Structure formats: structure tokens, C-alpha cells
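Letter by letter, the chains look like this.
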Amino acid sequence: MNKLRILIAESDINYIIPLQNKFIKEYFNSIELEIITEKDYFYSKFSIPQQIDIAIISEEFFNQTILIHNIGKIIILTETNISNKYAGQNITTIYKYTNIKEIFNSINGVFSSNIINQKTKTKDAKIITITSAIGGCGKTLLSMAICSYLNNNYKRVLFIGAERLQTFQSRLTDKSPIISNAFYAMLLQSDVDKTSIYNAIKKNLRNEGFSYIPPFKAGLMSLEMEYSIFIDIALQAKQSKDFDFIIIDTDHIFDINKVQLIDAADKVVIVTKQDANSVFATNVFATNIDGGANNDKFIYVCNNYDSSRDNAIANSQKSNKFTVNDYIKSFSTDEQMEISNIINSKDIQKLAFSLI
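Description of the structure in this document. Per chain, residue numbering runs from 1 following the sequence as it is written. Where totals are concerned, whole chains, interfaces and linings use all residues; where local detail is concerned, this predicted model gives features only for residues with pLDDT of at least 70, and gives and counts side-chain atom pairs only at 80 or more. Each side-chain value is derived from all of the structure's non-hydrogen atoms; neither hydrogens nor water enter the calculation.

## Looking at the pattern of salt bridges
The term salt bridge refers to a side-chain nitrogen of Lys or Arg lying within 4 Å of a carboxyl oxygen of Asp or Glu. Applying the stated criterion to the full structure yields 14 salt bridges. Of the charged contacts, one joins Glu-79 and Lys-96 as a salt bridge, the two residues approaching to 3.9 Å between their closest N and O atoms. Here Glu-79, found in the loop between strand 4 (70-78) and strand 5 (91-95), pairs with Lys-96, found in the loop between strand 5 and helix 3 (100-110); they are 17 residues apart in sequence, far enough to count as distant. The structure contains a network of salt bridges with shared partners spanning Arg-5, Glu-34 and Lys-45. Secondary structure is summarised from DSSP: a helix means a run of H or I of at least four residues, a strand means a run of E of at least two, and numbering begins at the N terminus for each.

## Remarks on the packing of aromatic side chains
In summary, the pairing rule links any two rings of Phe, Tyr or Trp, Trp by its six-membered ring, whose centres are within 6.5 Å, and it sorts them by plane angle into stacked for under 30 degrees, edge-to-face for over 60 and tilted for everything else. Throughout the structure, instances matching the rule amount to 15 aromatic pairs. A centroid spacing of 6.5 Å and a plane angle of 65° characterise the contact between Phe-210 and Tyr-212, whose relative ring orientation is edge-to-face. The pair formed by Phe-210 and Tyr-212 is uniform in burial state, with each residue classed as buried. A centroid spacing of 5.2 Å and a plane angle of 75° characterise the contact between Tyr-227 and Phe-230, whose relative ring orientation is edge-to-face. Judged by relative accessible area, Tyr-227 falls into the buried class, the value being 6%. A residue is classified by how much of its surface remains accessible, and Phe-230, at 2% relative accessible area, is buried. Put simply, the rings of Phe-183, Tyr-184, Phe-216, Tyr-227 and Phe-230 pair up and form one aromatic cluster. We call a charge positioned above a ring when the Lys NZ or Arg CZ atom is no farther than 6 Å from the ring centre and deviates by at most 35 degrees from the ring normal. Across the ring face of Tyr-15, the terminal group of Lys-96 is positioned such that the distance to the ring centre comes to 5.0 Å. Across from the ring centre of Tyr-227, 4.1 Å away, lies the NZ or CZ of Arg-164, which sits over that ring. Accessible area is worked out with a 1.4 Å probe on protein chains only. A residue is then buried under 20% of its type maximum, exposed over 50%, and partly exposed in between.

## What to know about the nonpolar core
Ranked by size, the top nonpolar core spans 80 residues in total, and within it Ile-146, Ile-160, Phe-210, Phe-216, Ile-246 and Ile-247 carry the most contacts. A per-element tally of this core places helix 5 (residues 139-152) first, with eight residues. Any two residues having at least one pair of non-hydrogen atoms within 4.5 Å are treated as being in contact. When sequence neighbours within four positions are dropped, the list of residues in contact with Ile-160 reads Ile-213, Phe-230, Ile-233, Ala-234, Ile-246, Ile-247, Ile-248 and Asp-249. Nonpolar core, defined: a set of buried Ala, Val, Leu, Ile, Met, Phe, Trp, Tyr and Cys residues in which side-chain atoms within 4.5 Å join the residues together. In this structure, Leu-4, Ile-16, Ile-31 and Phe-353 belong to the second largest nonpolar core, which totals 21 residues.

## Here we look at the pairing of strand 10 (residues 245-250)
Among the six residues that make up strand 10, six are buried, leaving the element largely enclosed by the rest of the structure. Side chains Phe-245, Ile-247 and Asp-249 of strand 10 all project onto a buried face; the interleaved residues Ile-246, Ile-248 and Thr-250 project onto the opposite face, where all are buried too. Taken together, the six bridges between strand 7 (residues 157-162) and strand 10 define a ladder with parallel strand orientation. Along strand 10, the bridge assignment pairs Ile-160 with Ile-248. Only strands joined by at least two bridges in the DSSP assignment are considered to pair.

## What about the pairing of strand 1 (residues 4-9)?
Of all six residues in strand 1, five are buried, a share of seventy percent or more. Where strand 1 meets strand 3 (residues 51-58), four bridges bridge the pair, whose relative direction is parallel. Pairing of Ile-8 across the sheet is with Ile-56, part of strand 3.

## Looking at the side chain of Ser-278
Turning to its location among the elements, Ser-278 is positioned in helix 11 (residues 276-289). According to the relative accessible area criterion, Ser-278 is buried, its value standing at 3%. Setting aside anything within four residues of it in sequence, one finds Ser-278 in contact with Ile-134, Thr-272 and Lys-273.

## As for helix 9 (residues 228-240)
The periodicity of an α-helix, 3.6 residues per turn, causes residues three or four positions apart to be oriented the same way. If you check helix 9, its first and last C-alpha atoms are 18 Å apart, about what 13 residues at 1.5 Å a residue would give, namely 18 Å. Inspection of helix 9 places Ile-229, Phe-230, Ile-231, Asp-232, Ile-233, Ala-234, Gln-236 and Ala-237 among the buried residues, and these make up the whole buried set. The span one expects for a helix is its residue count, reduced by one, times 1.5 Å.

## Things to note about helix 5
For helix 5, spanning 14 residues, the distance from its first C-alpha to its last is 20 Å, which sits close to the expected 20 Å at 1.5 Å a residue. Within helix 5, 12 of the 14 residues are buried, which leaves it mostly tucked inside the rest of the structure. Those residues of helix 5 that fall on the buried side of the exposure criterion are Lys-139, Thr-140, Leu-141, Leu-142, Ser-143, Met-144, Ala-145, Ile-146, Cys-147, Ser-148, Tyr-149 and Leu-150. Tyr-154, located one to two residues past helix 5, shows a positive phi value of around 65°.

## Comments concerning the sheet that holds strand 10
One key point about sheets: their strands pair by backbone hydrogen bonds, in either a parallel or an antiparallel sense. Spatially, 8-9-7-10-6-11-12-13 is the arrangement adopted by the eight strands of the open sheet, whose pairing is mixed. Edge positions in the open sheet fall to strand 8 (206-207) and strand 13 (324-329), since each of these has one partner strand only. Inter-axis angles, ranging from 0 to 180 degrees, are taken between N-to-C directions of lines fitted to C-alpha atoms, where helices are fitted over the stretch in contact. Across the face of the sheet, helix 5 comes into contact with strand 6 (126-132), strand 7, strand 10, strand 11 (267-272), strand 12 (298-305) and strand 13 while running at roughly 170° to strand 10. Contacts from helix 13 (residues 346-355) reach strand 6, strand 10, strand 11, strand 12 and strand 13 within the one sheet, and its direction differs from that of strand 13 by about 145°.

## Digging into unusual backbone geometry
Even without a glycine there, the phi angle at Glu-224 is positive, about 55°. Inspection of the secondary structure assignment puts Glu-224 in the loop between helix 8 (220-223) and helix 9. For Glu-224, a relative accessible area of 67% gives the class exposed. Here Asn-304, not a glycine, exhibits a phi torsion of approximately 55°, which is positive. Locating Asn-304 in the fold gives a position in strand 12.

What follows is the structure, encoded as C-alpha cells:
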């Protein structure tokens, strides 16, 4: 079944977010929603033929050339309360400062029957594996920021800190591990049912803006536990339908377990940095996972990007085995930095939204 393609073009991200949230909440599996906030990118996109079911466009972005494209319905957000400002059978105007509920109801009314017919009740969770070829790239903080953003957008999110020696808890208020001896004894049973593993983990979940599995009381090697436990938990959590997204933050070790986590994922975010060593390592990684630029399962992110420093990604672009999808501008990675302070970053919001 084809999904309705909906575009929202408006420069004010704070205006877009409530509307975006409403669409996602109501029609999660029935639409493909694209957000554009940059005018230059908008015009570049419409320099080639577009086919869109509903285009919700700020008056600031709209021009007559938009009408030559194959667009089922154009809704123009105006700053003047004039309903017939634009003529055309497929054009509707909405006063953008009307309350968000009325705006959504007006937009929904345009294609309500089509959307309702396509709306599905079953929502499969997405497993997102976040990894890198290098350590110290800010991957864990980025992973938690994505979890927090998705949670703020009405998504049920499970964060799994899949490290052999877990340190992710340093970013959380409650840093204490799971201490139940019975819990660890159950995990070490040779004939343990994998369903039982998730059920046992579920009883220990905590929440700090998103659900997460607390750290184990020691490293996997010390507990004589296999790394595959993280894969088992993720797959069982997906099957349970308790969550919309399962975010797995992995360490940078490359082995069969990493390959299995990548295979299990719906999307894989590969985090790199802009220095030459990081670019070299990421090229090697991309070659080994067949995760080149033409594989849309993989999203490459340059974290903590600083435009004043040399960018080895751009310098070696022709020889790279990967293409960076997003640059996350530099922010403090100080240990006191709270997740809530960085989720307002437009770069992180864009990355998180691309996963939706």
C-alpha cells in the first residue's frame, strides 16, 4: 500500500513541531512526512519535478512555479486572515496563527478519507543501531539526545547501552546498576528461554525522559555473559510491541556481534568525526559492512563538526566509501552537559526526524 507523501515547508521549526507531532501521532504508518525549513533547499528541491499528495507551504516559501509540479493539494499558511488570497482548485489557504488543533483539522479534512483508509493499527518497532569505527566521538550523548527527542514526539523509546563495559549511565541521574542476584542467575542458565530474558529486563526498566535498561553490575566478561544478550533483548522488545523505537548504542569494536546488531537494525547510524584518522577508520568500516552511499539503511553522521577546523571528509570526498548525511555542529560534551540542553539543536532534531 502506497503511503501519502506530505511536505511541510516553513522556516520556523518551533511552529512546525506541534503540527509534525500531530501528523506522526495520528498517521504514523500511513504517511511519508518531509520537513523543510531552509528556503534555498526548498527551491533547490523544486527545481526538479516533484510528486506530492499534500504540500503545506508557508507563504514565505510559495511562488507560482510550485504549481507546475504534480501536487494533489497545496495548503498555504498565510499571515493574513484572507481565505481567498490564492486562486486555484487545488489550493487552500489557512491562517497560520490559528490554534494548532484547528489547523490540523483543516488539513486533515482535505484528504481525510484517503488517510483514514490507509491508516493501520499495527505499528512495528524500529531498531536503530548507533555505532562508529572510533571511540570518543560523542556517540552515546547523541544516542540519548535522539531518544529524548523521539520521546518528546510521543514515541515509546527503549535505550539499550550495548557496551561490554557499560559507562553510558554517567549521563543519567540514576547511575546504579541492576543488583538482583536472581536476575543474573537466570541470565546465566544454559537453557534460558530468550523470551524470559526480555520479561526479566522489562521488570527492571527505568525512565529518564525515555525508557532504558540499567547497567549490569559488572562487565559482560566478568559476569560470564555473551554479548548476544543485547541482540536477544532488542529482538524480543521489538516483538513485544511495547516500543516504537529501540535505540542500541554500541561500542566501536568490530566483530560478529556488531554485524548481527547491524543486520537486526532497520536503520544504522554511523558516527564519525572530521579528522583524517576518523575518516580513514570510517572508510574501512564502510567497506567491511557494505554500507556505502547507495545503501539507504545506513546514515552517516559527522558529530561535533567545527567549520573553523580542517574537514578531512570534504578533502577526501572522491575516495570516501561513504557519504555524510548530516553534520552535527559542535556542542559541549562536558560530563555535566544535560541531554535536555542539546535536543533543541536543529541538527539533532533533523537527524532524529529522519529516523521517523
